[in-house]
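Results of the structural survey
What follows is each chain in one-letter form.
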Amino acid sequence: MELAQVRLLVSDFAACYRFYGEVLGLKPQSGFADGPYEKFSLSTGSAGIALQDRAVMAELLGEVADEPEGHRSFVVLRVDDLDRYCEDITGRGAVLVHGPAPMTPRMRAAHLKDPEGNLVELQEWLLLGG
């Protein structure tokens, strides 16, 4: 078994497409900015983050039509240079809600939200001492 993707149900597909593609700099698989589906690839590994129009899944399943309340997902991405990446994405419109700051002795992190309010954590893993 292999993780293929984490899929986020979104109502404003175009805004989320721009956020993951243009702001975070992830590579879209097909370029269909109007949806109803798109997978974004990371620089390494085969898993990705995908967007799915909430209305399409509501029609299919009949149970996801309502907008979620509170945080329903938490996307975590590891980057090599957290400060530089945060500087890059804030220059493209991202708004950090926390950090960059130490989370543990071995990790620094920053947090932001996508246009739907999904939390995104950016992690920089620090080398173990010793």
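Let me sum up the structure you'll find in this document. Remember, predicted model here, so these are calculated numbers, not experimental data. (Residues numbered from 1 in each chain as written. Predicted model: local features only at pLDDT ≥ 70, side-chain atom pairs only at ≥ 80, totals over all residues. Heavy atoms only, no water.)

1. Remarks on helix α1 (residues 13-23)
By the criterion of burial, α1 is predominantly enclosed, with eight of the eleven residues buried. Within α1, the full set of buried residues consists of F13, A15, C16, Y17, F19, Y20, G21 and V23. Just downstream of α1 lies G25, where phi reads positive at about 80 degrees. (Buried < 20%, exposed > 50% of the residue type's maximum accessible area, 1.4 Å probe, protein only. Helix = DSSP H or I, 4+ residues; strand = E, 2+ residues; numbered from the N terminus.)

2. Observations concerning the sheet that holds strand β5 (residues 74-78)
A sheet is described by the order of its strands in space; here four strands give the open sequence β5-β8-β7-β6, paired in mixed fashion. In the strand order of this sheet, the two ends are held by β5 and β6 (96-104), each with one partner. Sheet twist, expressed as the mean angle between neighbouring strand axes with direction ignored, is 20 degrees. In the sheet, β5 pairs with strand β8 (residues 119-125) via five bridges, with the strands oriented parallel. Bridge pairing in β8 places R78 opposite Q123. (Pairing = 2+ DSSP bridges. Axes fitted to C-alpha atoms, helices over the stretch in contact; angles between N-to-C directions.)

3. Regarding the environment of K39
Mapped onto the secondary structure, K39 falls in strand β3 (residues 37-41). Here the alpha-carbon distance between K39 and A4, two residues 35 residues apart in the chain, equals 9.9 Å. Those residues in contact with K39, other than ones at most four positions away along the chain, are A4, Q5, K27, P28, Q29, S46, A47, G48, I49 and A50. Within polar-contact distance, the side chain of K39 engages the backbone oxygen of S46 at 3.2 Å. (Contact = heavy atoms within 4.5 Å. Polar contact = N/O pair within 3.5 Å; in protein donor to acceptor, adjacent residues only side chain to side chain.)

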